[in-house]
Amino acid sequence: MIIYLKLFWEFFKAGLFAIGGGMATVPFLQEISRKTGWYTAGDLADMIAVSESTPGPIGVNMATYVGYTTVSRLFGPVAGILGGILSTVGLVMPSVIIILIVARFLEKFRENRYVNAAMYGLRAASVALISSAGISIVLIAVFQVNTIEEWRSATIDYRCFVLAAVILILTRWVPKVKDLHPICFIIASAVIGIIFHMSVPL
């Protein structure tokens, strides 16, 4: 029972402070990993790949994935379903509560300078959190390290780097390709990963 409560509480905190959407949860997931040891940096990279390849918000998908796999390692797959549910509920509950409060008072305080100033600061915070998440993913996927401090032991995975560069070019500067649905690039990347055995070390 304690593990369920801990899953709920850890993801509740992540949902409460992850301002900026699903990718903003990644720094908090890294912190959960360091604190609990429920999953490794490699597991986190896999979670991101799975979450980006499946329907739904990435934060919710990752919470469900972590909750299910963490509890299933301890108590079996049946208990894992409850773990996935509690982690997901914990992540989304702060947003639901805050949105209900905001919906009630936003109209009244829309022109309040303090509210506008707070929103300005929150936008900056969301940029920082999402940027941090992006850097973390690059470190894990391309340089095969978990933190910048480990740069001395970094080894560049050139296949991953080339694949990322090609997709960036195709989606940003090739007119006929950049209009394709993102799922096309996700599927293509998965197929290429299978063919070339691209993987992140655990």
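Keep in mind that this is a model prediction, so the values were computed, not measured.

In this section: the packing of aromatic side chains. The tally for this structure, following the rule as stated, stands at two aromatic pairs. Consider the rings of F8 and F12, whose centres lie 6.0 Å apart with planes at 25 degrees: the pair is stacked. Separated by four residues within a single helix, F8 and F12 lie in helix α1 (residues 2-17), roughly one turn from each other. Classification of F12 as buried rests on a relative accessible area of 18%. Taken together, the ring pairs in this structure connect F8, W9 and F12 into an aromatic cluster.

Below, the discussion takes up the domain arrangement of the protein chain. Parsing the protein chain into structural domains produces domain 1 (2-114) and domain 2 (156-195). The distance between the C-alpha centroids of domain 1 and domain 2 comes to 27 Å.

Inspection of the secondary structure assignment puts I101 in helix α5 (residues 77-109). Overall, the relative accessible area of 45% leaves I101 in the partly exposed class. Separated by 91 residues in sequence, I101 and E10 have C-alpha atoms that sit 22 Å apart.

Here the focus is the nonpolar core. Counting residues in each nonpolar core, the largest one holds 19 residues, and the members touching the most others are F11, L29, Y39, L44 and M62. When contributions to this core are tallied by element, the ones reaching two or more residues are α1, α2 (26-36), α3 (41-52) and α4 (58-75). With five residues, the top contributor of residues to this core is α1.

Quick notes on the rules
- Residues numbered from 1 in each chain as written.
- Predicted model: local features only at pLDDT ≥ 70, side-chain atom pairs only at ≥ 80, totals over all residues.
- Heavy atoms only, no water.
- Phe/Tyr/Trp six-rings, centres within 6.5 Å; stacked < 30°, edge-to-face > 60°.
- Helix = DSSP H or I, 4+ residues; strand = E, 2+ residues; numbered from the N terminus.
- Buried < 20%, exposed > 50% of the residue type's maximum accessible area, 1.4 Å probe, protein only.
- Domains from an automatic or database assignment.
- Core = buried A, V, L, I, M, F, W, Y, C linked by side-chain atoms within 4.5 Å.

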